[in-house]
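# Structural overview for review
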Amino acid sequence: MFGNPLYPTYQTFLALGIAAVICGALMPLWIRILRFEGIGQQVRADGPQRHLVKQGTPTMGGVVILVAVAITCLLMADLSIELIAVLLATVATGLLGLVDDVTSVTHGRSLGLTPHAKMIGLTLICVAFCLVAVNFCGVIPEVRFPGGLVIDLSSIMTVFTVGDRAYYIPWLYLVFTWLLIVGLSNAVNLTDGLDGLAGGTSMIAMLIMAAIAFLHGNPDLAIFGAACAGACLGFLWFNCYPASIFMGDTGSLALGAGFACMAVVTNSEIVSLIIGGLFIIETLSVMIQVVSFKLTGKRVFLMAPIHHHFEKLGWAETKVVIRFWIVSAAFGALGLALFFQLG
């Protein structure tokens with residue numbers, strides 16, 4: 001709608017700015033509404049003691065992030081089938097996170113939906129997205145590695161016809177996509193533990209994915225990635241230390257799912273694991289901590305996820321966040337470089 005279609009780079013950067021402005025403009029009103037309704041974050045009782053002051057801070061800032069992304073895409077993009085699929089999957093995951101946030105607030109605890117309920121919701125979203133991606137977006141059920149290695153996951157596939165059209169269910173690729181989307185959405189969710197941490201690292205990751213989408217020849221998806229980055233940028237104005245609002249599961253699950261869905265459509269699934277390397281480290285720290293404690297009764301980290309470990313070591317919260325941003329940017333640069341080595 002805005003910008004000259006002959007200059008998709010201009011549209012992409014404009015989308016980033018528009019999303020940032022929309023998010024920044026709507027967030028103060030949303031914060032006032034949440035405060036009026038008494039909707040605030042429930043802080044983990046076993047977390048760092050300095051976090052207890054965050055009890056009651058408004059949460060569900062992800063609602064405004066999603067609104068900003070959706071409006072920006074409607075204004076700037078041509079709404080291709082790829083963009084629609086990624087946007088709907090992101091919004092659906094955000095709605096699942098919203099239910100989780102509301103459940104957490106109404107029950108007055110830091111945990112919302114049960115793991116089983118959340119997993120069922122994520123699985124339904126993942127299956128629907130994967131089938132749309134393969135049957136309507138031209139996604140090939142294969143996994144590409146830097147260096148040219150390609151693993152074909154179409155060997156076990158069910159084909160059925162409706163009218164004159166054939167539809168495919170690539171079972172191995174469906175499982176792989178499920179692992180990617182569920183894993184990354186929960187990884188970003190685990191990263192969302194310090195003021196500005198998930199917002200800043202997600203902004204970096206989405207900027208890199210926007211560049212990959214552009215290089216892949218999909219300017220609509222580049223606009224989506226830029227819109228997500230811009231919305232995170234606007235959100236950071238209010239989420240920087242000391243945070244006035246948290247994104248909640250509404251934002252973290254949605255951003256993780258959107259990141260993974262972009263990777264699927266651009267055939268950069270393995271590279272996305274490098275770009276989101278910080279998210280992977282956060283997840284692995286939790287897994288290592290749980291396994292170690294169950295097997296030996298000892299903890300590897302002072303506290304998991306790993307950002308809390310550094311807090312326990314005495315690092316200031318802002319130091320942890322900024323250094324993790326730097327690590328995330330390094331992973332992003334490496335991932336973008338490896339993208340050019342894909343088969």
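### What to know about the packing of aromatic side chains
Tallying each qualifying case throughout the model produces seven aromatic pairs. An angle of 75° between the planes, with centres 6.0 Å apart, marks the rings of Phe 339 and Phe 340 as edge-to-face. Cluster of aromatic residues (ring-pair linked, three or more members): Phe 136, Phe 160 and Tyr 167. Above the plane of the ring of Trp 315 lies Arg 323, whose end atom (NZ or CZ) is 4.7 Å from the centre.

### Digging into the side chain of Ser 285
Relative to the assigned elements, Ser 285 resides in helix α10 (residues 277-296). Under the relative-accessibility criterion, Ser 285 is labelled buried at 2%. Among the polar contacts made by the side chain of Ser 285, one reaches the main-chain carbonyl oxygen of Glu 282 at a distance of 2.6 Å. Those residues within four positions of Ser 285 in sequence are excluded, and the remaining contacts are Phe 301, Ala 304, Pro 305 and Ile 306.

### Brief notes about the nonpolar core
Residues Val 69, Phe 129 and Phe 224 are the most contacted members of the largest nonpolar core, which totals 79 residues. A per-element tally of this core places helix α7 (residues 219-239) first, with 13 residues. The contact partners of Phe 224, leaving out residues within four places of it in the chain, are Val 69, Cys 73, Leu 83, Val 86, Leu 87, Thr 90, Gly 258 and Met 262. By size, the runner-up hydrophobic cluster in this structure holds nine residues, among which are Leu 278, Phe 301, Ile 306 and Phe 310.

### Remarks on the pattern of salt bridges
What the rule picks out here adds up to three salt bridges. Lys 118 is the salt-bridge partner of Asp 100, the closest N and O atoms lying 3.2 Å from each other. Separated by 18 residues along the polypeptide, Asp 100 in helix α3 (residues 81-107) and Lys 118 in helix α4 (residues 115-136) bring together distant segments of the chain. Residues Asp 100 and Lys 118 agree in their burial class; the two are buried. Lys 118 is paired through a salt bridge with Asp 249; the nearest N and O atoms lie 3.6 Å apart. Of this pair, Lys 118 sits in helix α4 while Asp 249 sits in helix α8 (residues 248-265), and the two are 131 residues apart along the sequence. Comparing Lys 118 with Asp 249, the two get one shared label, buried. What emerges from the salt-bridge pattern is a single network uniting Asp 100, Lys 118 and Asp 249.

### Concerning the environment of Gly 258
You can see Gly 258 is positioned in helix α8. The class of Gly 258 is buried, set by a relative accessible area of 0%. Every residue in contact with Gly 258, bar those within four places of it in the chain, is listed here: Val 86, Thr 90, Met 206 and Phe 224.

### Some remarks on α8
Taking 1.5 Å per residue, 18 residues should reach 26 Å; α8 reaches 26 Å between its end C-alpha atoms and fits that length. The element α8 is extensively covered by neighbouring structure, given that 18 of its 18 residues are classed as buried. Looking one or two places after α8, you find Asn 267, whose phi comes out positive at around 55°.

### Some words on the packing of helix α6 (residues 197-215) against α8
Orientation of α6 relative to α8, taken along the N-to-C sense of each, is 20°, at an axis distance of 10 Å. It follows from the interaxial angle that α6 and α8 lie roughly parallel. Classified by chirality, the crossing of α8 by α6 is left-handed. Here Ser 202, Ala 205, Met 206, Met 209, Ala 210 and Ala 213 of α6 come into contact with α8, specifically with Leu 255, Gly 258, Phe 259, Met 262 and Ala 263. Class assignment for the residues of the contact of α6 with α8 results in nine nonpolar, two polar and no charged.

### Quick look at the packing of helix α1 (residues 8-37) against α7
Two elements in contact, α1 and α7, have axes separated by 7 Å at closest approach and are oriented at 35°. Here α1 runs over α7; the crossing is right-handed. Contacts between α1 and α7 involve Pro 8, Gln 11, Thr 12, Ala 15, Leu 16, Ala 19, Ala 20, Cys 23, Gly 24, Met 27, Pro 28 and Ile 31 on the former and, on the latter, Pro 219, Ala 222, Ile 223, Ala 226, Ala 227, Ala 229, Gly 230, Ala 231, Leu 233, Gly 234, Phe 235 and Phe 238. Its residues assigned to classes, the contact of α1 with α7 shows 19 nonpolar, five polar and no charged.

### Re the side chain of Thr 90
Within the secondary structure layout, Thr 90 lies in helix α3. Accessibility expressed as a relative area gives 4% for Thr 90, which makes it buried. In this view, Thr 90 contacts Leu 66, Phe 224, Ala 254 and Gly 258; residues no more than four positions away in its chain are not counted.

Reading the values: rules and limits
- Residues numbered from 1 in each chain as written.
- Predicted model: local features only at pLDDT ≥ 70, side-chain atom pairs only at ≥ 80, totals over all residues.
- Heavy atoms only, no water.
- Phe/Tyr/Trp six-rings, centres within 6.5 Å; stacked < 30°, edge-to-face > 60°.
- Lys NZ or Arg CZ within 6 Å of the ring centre and 35° of its normal.
- Helix = DSSP H or I, 4+ residues; strand = E, 2+ residues; numbered from the N terminus.
- Buried < 20%, exposed > 50% of the residue type's maximum accessible area, 1.4 Å probe, protein only.
- Polar contact = N/O pair within 3.5 Å; in protein donor to acceptor, adjacent residues only side chain to side chain.
- Contact = heavy atoms within 4.5 Å.
- Core = buried A, V, L, I, M, F, W, Y, C linked by side-chain atoms within 4.5 Å.
- Salt bridge = Lys/Arg side-chain N within 4 Å of Asp/Glu carboxyl O.
- Expected span 1.5 Å × (residues − 1).
- Axes fitted to C-alpha atoms, helices over the stretch in contact; angles between N-to-C directions.
- Parallel < 35°, antiparallel > 145°, perpendicular 65-115°, else oblique.
- Left-handed = near helix turned anticlockwise from the far one by under 90°.
- Nonpolar A, V, L, I, M, F, W, Y, C, P; charged D, E, K, R; others polar.

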